[in-house]
Amino acid sequence: MRKVFYLLCIAGVLLAMLAGRTRLFAATPASPTPANMEVKIDNFTFSPATITIPAGTQVTWTNHDDIPHNVVAEDTSFKSKTLDTDEKFSYTFTKPGTYSYLCTIHPKMTGKVVVQ
Amino acid sequence: MNNDKKKDEILHDHNHDGIDRRGFLKCMAWAGTGAFCVIQGGILKSYSLSSLSAISGKEPKGELSFVQISDSHMGFNKPANPDVAATLKAAVDKINALPTAPEFMLHTGDISHLSKPGEFDNVEQILKDAKPKDVFYVPGEHDVLDDNGAQFRERFAKGSQGAGWYSFDKRGVHFVGLVNVMDLKAGGMGNLGKEQLEWFEKDVKHLSKSTPIVVFAHIPLWSVYPEWGWGTQDSAEALSYLKPFGSVTVLNGHIHQTMQKIEGNVTFHTAASTAFPQPKPGSAPSPGPMKVPDDQLRSVLGITDVNSVRNHHALAVVDSTLAG
């Protein structure tokens, strides 16, 4: 069951990446349908730790650990509530830039979102 | 090392700092099975619990006795321990069965799992059954979620300073409760911060240098394993204020396992959790809860009993598991 779930996750991420890529090379970038991107929280790690996305992408973090985590931008532009096991947080990045974030409960956990 | 009688005692002190390197490792090796360490005149003597009967007649009874519990994580319900209320109750039973009734308790944080009012209520309710009625708390990172510790301070640290730090005296021993789980920086470990450090320096400055000092905080104030954030960024500064003192004991939680280190006049000790164990540093992909077979769970949870002995500048720290 778990394996299937992970495979689905990976497939989802790949699809999201493909979708993002297609948009980058699209001839008419005007009002694109927002893409989605998944970041997993597993074993006290954000995975992938760095993602590069086009503006307008919604990123969803899901906590797969038995311990709560959160997702907080260093510049405080976004901040999740505490995410217990299997809880999610989504944020749509509209402005290009590099956003560094961390879990303020376990600050060794850091990640980066590069919005193009 | 040469014969059975001496194998559990540390008698070598080559650097005159109270540490026998080999003995230190032995003390570490006992973690989880119970160790009894006495510091007298700066020299560490340690004994395994199995040899306690050999010394119990010689050691004077403590004049101050208190108990430390930690990491009760009320609200946690995952496979590593689906019933953390039951194991906290077992810890209370253990405390009530101690031969010398402790005067009070220290709780070194992660009282709750998710900072929910019901979780705090539950812990307070269970601890009411303990013989010692006073409990001194410091917050863990799980107790200050989403409200910067406001609820923690309201319930457990009224009249405290800043993020919830305070000090008090009991029978000539000076206790300092510190907060190192707030305002954590990306990539870093536990954090005390400038304001708390300034307060701490002032708090201990006026004390006579022979005053035994007990410092308690959630995250270890020594670098146990920085890769997992098991340490405190600015603890060296805090410890520098304690250099003039003859007897310093630092009690922490957070890592869900017992560990001890002696450095000069300072004994560092971490208590077991009453909820679930965590892996030994670096032995797993992450420091998350460790599942052990059900019948072994209580042997990796525990309480820590501390006794101070007047005129000996000694604090005896004894860990016992919840098994049996």
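Above this text sits the structure in question.
Bear in mind the structure is a predicted one, so any value in this text is a computation, not a measurement.

What follows concerns the overall build of chain A. Regarding its fold elements, chain A presents 1 helix and 8 strands. Listing the helices and strands of chain A from first to last along the sequence gives α-β-β-β-β-β-β-β-β. When each of the 116 residues of chain A is scored for burial, the buried share is 39%. Taking all contacts inside chain A whose residues are at least 6 apart in sequence as the whole, residues at least 24 apart take part in 48%. About 6400 Å² of surface is accessible on chain A, with carbon and sulfur atoms providing 60% of the total.

All right, on to the pattern of salt bridges then. All names here are of chain B. This model, assessed by the stated rule, comprises 8 salt bridges over all chains. As a salt-bridge pair, Asp121 and Arg155 come within 2.9 Å of each other at their nearest N and O atoms. Here Arg155 lies in helix 5 (residues 150-156) and Asp121 lies in helix 4 (residues 117-127), a separation of 34 residues in the sequence. A salt bridge links Lys261 to Glu263; the shortest N-O distance between them is 2.5 Å. Since its relative accessible area comes to 43%, Glu263 is described here as partly exposed.

Residue and element names in this part refer to chain A. The strand order across the open sheet built from 4 strands is 2-1-4-6, with neighbouring strands paired in mixed fashion. In the strand order of this sheet, the two ends are held by strand 2 (45-47) and strand 6 (88-93), each with one partner. The average angle at which neighbouring strand axes cross in this sheet is 20°, direction not considered. The pairing of strand 1 (residues 36-42) with strand 4 (residues 57-63) spans 6 bridges and is classified as parallel. Across the sheet, the residue bridging to Met37 is Val59, located in strand 4.

By a widely used convention, the size of an interface equals the accessible area lost when the partners come together. Tallying the contact residues gives 17 residues for chain A and 25 residues for chain B. Per-residue buried area on chain A facing chain B is highest for Asp66, Pro107 and Lys108 of chain A; these three make up 33% of the total on that side. For the pair chain A and chain B, the interface holds 0 salt bridges. Summed over the shared surface of chain A and chain B, the result is 6 residue pairs in polar contact (both at pLDDT 80 or more). Its residues placed into classes, the side of chain A that touches chain B shows 6 nonpolar, 6 polar and 5 charged.

Parameters and conventions
- Residues numbered from 1 in each chain as written.
- Chains lettered and ligands numbered in written order.
- Predicted model: local features only at pLDDT ≥ 70, side-chain atom pairs only at ≥ 80, totals over all residues.
- Heavy atoms only, no water.
- Helix = DSSP H or I, 4+ residues; strand = E, 2+ residues; numbered from the N terminus.
- Buried < 20%, exposed > 50% of the residue type's maximum accessible area, 1.4 Å probe, protein only.
- Contact = heavy atoms within 4.5 Å.
- Areas by Shrake-Rupley, 256 points an atom, 1.4 Å probe, with all protein chains shown as cover.
- Salt bridge = Lys/Arg side-chain N within 4 Å of Asp/Glu carboxyl O.
- Pairing = 2+ DSSP bridges.
- Axes fitted to C-alpha atoms, helices over the stretch in contact; angles between N-to-C directions.
- Buried area = accessible area lost by both parts, 1.4 Å probe.
- Polar contact = N/O pair within 3.5 Å; in protein donor to acceptor, adjacent residues only side chain to side chain.
- Nonpolar A, V, L, I, M, F, W, Y, C, P; charged D, E, K, R; others polar.

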